[in-house]
Amino acid sequence: MAGSNGVQEKRTAQNVPEEWFHLLNRESAIQQSLVRPSISYWRGAWIQLKSNKLAMLGMIFLILLGVAALVGPIVSPYSVTAQHLTLQNLAPSASHWFGTDELGRDVFTRTWYGARISLFVGVVAALVDLLIGVAYGGISGYIGGKTDLVMMRIIEILYGLPYLLVVILLMVVMGPSLLTIIIALTVTGWTGMARIVRGQVLQLKNYEFVTASKSFGSRPWRIVLKDLVPNTMGPIIVQMTLTVPSAIFSEAFLSFLGLGVQAPFASWGVMANDGLAALLAGYWWRLFFPALFISLTMFAFNILGDGLQDALDPKLRR
Amino acid sequence: MSRSPDKLLEVENLHVSFRAQGGEVHAVRGVAFDVAQGETLAIVGESGCGKSVTSLAVMGLIPRPHGKIVAGSIRFKGTELTALSAKKMRRIQGTDLSMIFQDPMTALNPTLTIGSQLTEGIVYQKKISRAAAYQRAIDMLEMVGLSNGAQRMKQYPHQFSGGMRQRIVIAMALICRPSLIIADEPTTALDVTIQAQILELFDQIQKETGVSMIMITHDLGVVAKTADRVAVMYAGKIVEMGSKRDIFYHASHPYTQALLNAIVRLDLPSDTLKPIEGAPPDLFAPPEGCSFCERCPFAMEVCRHVQPPATTVDGHHTAACWLLDKRADGIRQKVENY
Amino acid sequence: MLRFVLRRFLAMILTLWVIATLTFLLMHAIPGSPFNNLNGKVLSDAAVKNLESHYHIDQPLPIQYLIYLKSIATFTYGPSIKQPSQTVNDLLGRGFPVSFELGLWSLIVAVLSGIILGLFAALKHNGLIDYVAMTLAVFGISIPNFVLATLLIQEFAVNLHVLPAGTWQGVSYMIMPIIALATGPMAIIARLIRSSMLEVLTQDYIRTAQAKGLSPFIIVMKHALKNALLPVVTVLGTLAASILTGTFVIEKIFAIPGMGKYFVDSINSRDYPVIMGTTMFYSALLIFMLFLVDLAYGWLDPRIKLNKEGK
């Protein structure tokens, strides 16, 4: 449409037909103006996200990984824990795609089992963060005033704690187990989420729809739940996509220090730690596959998180 | 067009476009105007009409790469600015041609002192010593009504009120003694009482320095206080141009008339206030004919198809409206009775 | 300014106290004497006595707590369980200089390269440099430092024989550990700088600077970079922490005789005095870093300082 002026017959002031000089009936003059179809926030976010190829790739990878973690150990003909001392440290082959470890266990099977543990730790840590963070941040932001001040001071102090040191300390005292890892990871992890939720709540609570809701006599918790939480979903989701990989990373780190899940179970971190020693003996596959999947998973979460951030932030959306 | 020697700035047939998602926005579509020595030209119009883009184009500040001067000429003191290299353009920016932006709260860098921001331009451009620049800056602060300059120079923007910040921005624009200042809505972000003070300051500065000004505004009150001549912009085009008197008392374009009718006037009963119905056209796809056609109470068939040429009303007063065509004489009669 | 420093300093002491108390409670959460049965290792009676008297296990809990706080304030942790001839202070005195060298260099490399990478990415927004830099950054964030470290060793030490695989004896020994340690933080800084730079470049004051006819170089360096650095300064404390904890693994992999290696060893042997001592030391170090970061922030952003002072 933009270029049509040039293509059509050039009308100049001189060759305008005389009969065009008559007043228009207002109705006919008002042309149908182009109205952009209004789309809901979530639909818009989804459309934006879909157009981000990299983020979609990350999401597809994570879905496939989730399926593999659930199904992989079940359909595999090999056991996760059973030892075959005749099959030690075999290189990748047609029967053992990722090779075997020093106890003759199939690395392929153990990788998917490791995915289960790593993803479980990441997702549960993120969910616990979410629960505590939303409750704490929501209350702090909604009540405001002195309560908010005190609650935020507490967070400030917790935030000042060197996170991994606290985790290590906890692990040493409580003994390594899946539960301890999750407790350790969430003990300070929720503060980030609480800060985000509080910020959003503070911003939103003065908006008109909240005032309207109040004037109808809604109870405070109802306002928090029904009006504020859905409006803070965007930043919360983004924060969660960042929490999951950092929890996976921390778990791998702890396993690497010998504070991870204990044998015979294996997370990727444990496998990588074992593989490190095996690398010097030339058994590269024992480090390569767990390391590869840690990296790929981190990568997938990061690009998905970036994409979600662009898609869910109305300010960034075009 | 004849080129008169006293014209400081001459803009002809200026077209500016922006690339955006979903196509190209034709923000400015064939604008022409000039500014004489010591004169104030007000460019007035609602937001999005292209007045700010026009001023940025003159300043050489159209954001690249998505913005572009597609066609036209901008001559400043006889130099064709559109043909200058970025480097040569920078020698004019801030020295002979300076700009005052709309929001003084964001126009100053929060992490640098006022002194540093005031003096950096002149030190860089005129290669004078820091001490000389420092003294000059204090003089400028004095001129815009900020006393105790030596202490102010050490302070940061957040330590000043909005009105004071705008005075600082003005001092910054004046420090190299420019011959033309472009002020883009310089009072919009300020309180009403402060607005009046700032406008008075402009008046005083112009008397003292003889600087020319382009005042970009949507506020006809500002126009009435400051302008010698007025250009009315609508949807990327100048629809009417003339002296302040021409525009306020003999408005010939229906849009200008509508603007004037939309001013709140305390001396008239409130029912004479008429808002302009509808919204400006989509500049992704500018209309084929007159862009005001859809909202114009006197639209004719011709307005839908052909853009109206600028027609002389009398003297230097021109308007781009088909009603001024001699073939529309009969209709104009009817309209004037309306 | 003085009030601001004082306020931050008090917050720092408070945080340290919280950590100390937490450590104390955790140690006493273990049933029985923490020294009787350590991870299945039976200690000699003499060693247990020695430790018990050092930690005054026989005293009531509140007294123990006070004594404990005093030992932290004076930084006396007593002998290591594993190597009774050495005190925790001996180990720290030996290990810390090495770890400090490694950590500081990594931080410097990470900050400088991150800023440069992010800056170029922002200035060439959507260009090739931007694309390459950001791909690099996402990889940097995704690859755990221990994986990167092993890849580096495999390639440069085992395959190419151009760099030594371990220990700490000179510049060539430092290259791989520093790269392994700095890559993650570098990637984080690069991404932060890029996004904050892109935002800063759209600010009105940048246009004001352009309207003064300043050169693009001055505009970026003087007007944009300082503002774009602010978010980086805020995460500097966290990054320092991640580099510090990173030294645990990196020192283990490269067999560097630093504090991290002693710390990891002490974890594996459940050498409580060493664990407690190093944890407190690390905490104090990190909290002091956060304190410095706060000061730097106040210096970089004049608005912050005044707000805190004005309260």
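Only a predicted model underlies this, so the values are computations on that prediction, with no experimental measurement involved.

Participant: Got a minute to help me understand the overall build of chain B in this structure?
Facilitator: Along its length, chain B carries 13 helices and 12 strands. The C-alpha atoms of chain B give a radius of gyration of 21 Å, which matches the 20 Å a tight globule of 338 residues would have. If you line up chain B on its principal axes, its C-alpha atoms span 70 × 50 × 40 Å. Out of the 338 residues belonging to chain B, those deemed buried represent 53%. Of the contacts formed within chain B by residues at least 6 apart in sequence, a portion of 64% connects residues at least 24 apart. When the accessible surface of chain B is summed, it comes to about 14,800 Å², and 52% of that surface belongs to carbon and sulfur atoms. Both charge centroids of chain B, one from 36 positive and one from 34 negative side chains, sit 8 Å from each other.

Participant: Just checking my understanding: could you explain the side chain of A:Asn302 for this structure?
Facilitator: Inspection of the secondary structure puts A:Asn302 in helix α12 (residues 285–312). Here A:Asn302 is in contact with A:Leu242, C:Val138, C:Ile141 and C:Ser142, once residues within four sequence places are set aside.

Participant: Mind showing me how you'd approach the sheet that holds strand β4 (residues 67–76) of chain B here?
Facilitator: Within a sheet, neighbouring strands are paired by backbone hydrogen bonds and run either parallel or antiparallel to one another. Residues and elements named next belong to chain B. The sheet built from 4 strands is open, its strands ordered β2-β1-β4-β5 with antiparallel pairing. With partners counted over all chains shown, the strands left at the sheet margins are β2 (23–36) and β5 (79–80), one partner each. The pairing of strand β1 (residues 7–20) with β4 spans 8 bridges and is antiparallel. Residue Leu9 lies in a different strand from β4, and its bridge partner there is Phe76. The strands touched by helix α1 (residues 51–59) are β1, β2 and β4; relative to β1, the strand with the most contacts, the crossing angle is about 115°.

Participant: Explain the nonpolar core to me, please; I cannot follow it from the model alone.
Facilitator: One broad rule of soluble globular proteins: the nonpolar side chains tend to lie buried together. A:Ile168, C:Phe146, C:Phe248, C:Ile253, C:Phe254 and C:Phe263 are the most contacted members of the largest nonpolar core, which has 127 residues in total. In terms of residues, this core owes the most to one element, α12(A), which gives 13 residues. Beyond its immediate chain neighbours, meaning those up to four positions away, C:Phe146 contacts A:Ala252, A:Phe253, A:Phe256, A:Ala272, A:Ile294, C:Val249 and C:Ile253. Counting 111 residues, the second-largest nonpolar core is a separate cluster that includes B:Leu9, B:Ile43, B:Val169 and B:Leu201.

Participant: So what exactly am I meant to see when it comes to the sheet that holds strand β12 (residues 317–320) of chain B here?
Facilitator: Residue and element names in this part refer to chain B. Strand order in the open sheet made by the 8 strands is β6-β7-β8-β3-β9-β10-β12-β11, with mixed pairing throughout. Among the strands making up the open sheet, the edge pair consists of β6 (97–100) and β11 (310–314). On average, each strand axis in the sheet is inclined to that of its neighbour by 20°, with strand direction left out of account. With 4 bridges joining them, β6 and strand β7 (residues 180–184) adopt parallel strand pairing. Bridging from a neighbouring strand, Ile100 pairs with Ala183 of β7. Of the strands in this sheet, β6 and β7 are in contact with helix α7 (residues 162–174), which crosses β6 at around 175°.

Participant: In this structure, what is going on with the packing of aromatic side chains? I would like to understand it.
Facilitator: Given two aromatic rings, one states the distance between the centres and the angle between the planes to describe the pair. Tallied over the entire structure, the rule returns 17 aromatic pairs over all chains. Judged by centre distance (5.1 Å) and plane angle (75°), the rings of A:Trp112 and A:Phe293 are edge-to-face. Here A:Trp112 is found in helix α5 (residues 107–143), whereas its partner A:Phe293 is found in helix α12, with 181 residues between them in sequence. Pair check on accessibility: A:Trp112 and A:Phe293 agree, each one buried. Ring plane angle 35° and centroid distance 6.1 Å describe the contact between A:Trp268 and A:Phe293, whose orientation is recorded as tilted. Note that A:Trp268 is positioned in helix α11 (residues 268–279) and A:Phe293 in helix α12, a separation of 25 residues in sequence. Considered together, A:Trp268 and A:Phe293 belong to a single accessibility category, that of buried residues. Three or more aromatic residues link up through ring pairs in this structure, and these residues are A:Phe108, A:Trp112, A:Trp268 and A:Phe293. The ring of B:Tyr124 is capped by B:Lys127, whose NZ or CZ atom sits 5.0 Å from the centre of that ring.

Rules behind the numbers
Residues numbered from 1 in each chain as written. Chains lettered and ligands numbered in written order. Predicted model: local features only at pLDDT ≥ 70, side-chain atom pairs only at ≥ 80, totals over all residues. Heavy atoms only, no water. Helix = DSSP H or I, 4+ residues; strand = E, 2+ residues; numbered from the N terminus. Rg over C-alpha atoms; globule rule 2.2 N^0.38 Å. Buried < 20%, exposed > 50% of the residue type's maximum accessible area, 1.4 Å probe, protein only. Contact = heavy atoms within 4.5 Å. Areas by Shrake-Rupley, 256 points an atom, 1.4 Å probe, with all protein chains shown as cover. Lys, Arg positive; Asp, Glu negative; His and termini not counted. Charge placed at Lys NZ, Arg CZ, Asp CG, Glu CD. Pairing = 2+ DSSP bridges. Axes fitted to C-alpha atoms, helices over the stretch in contact; angles between N-to-C directions. Core = buried A, V, L, I, M, F, W, Y, C linked by side-chain atoms within 4.5 Å. Phe/Tyr/Trp six-rings, centres within 6.5 Å; stacked < 30°, edge-to-face > 60°. Lys NZ or Arg CZ within 6 Å of the ring centre and 35° of its normal.

Taken by themselves, the reported measurements are silent on function.
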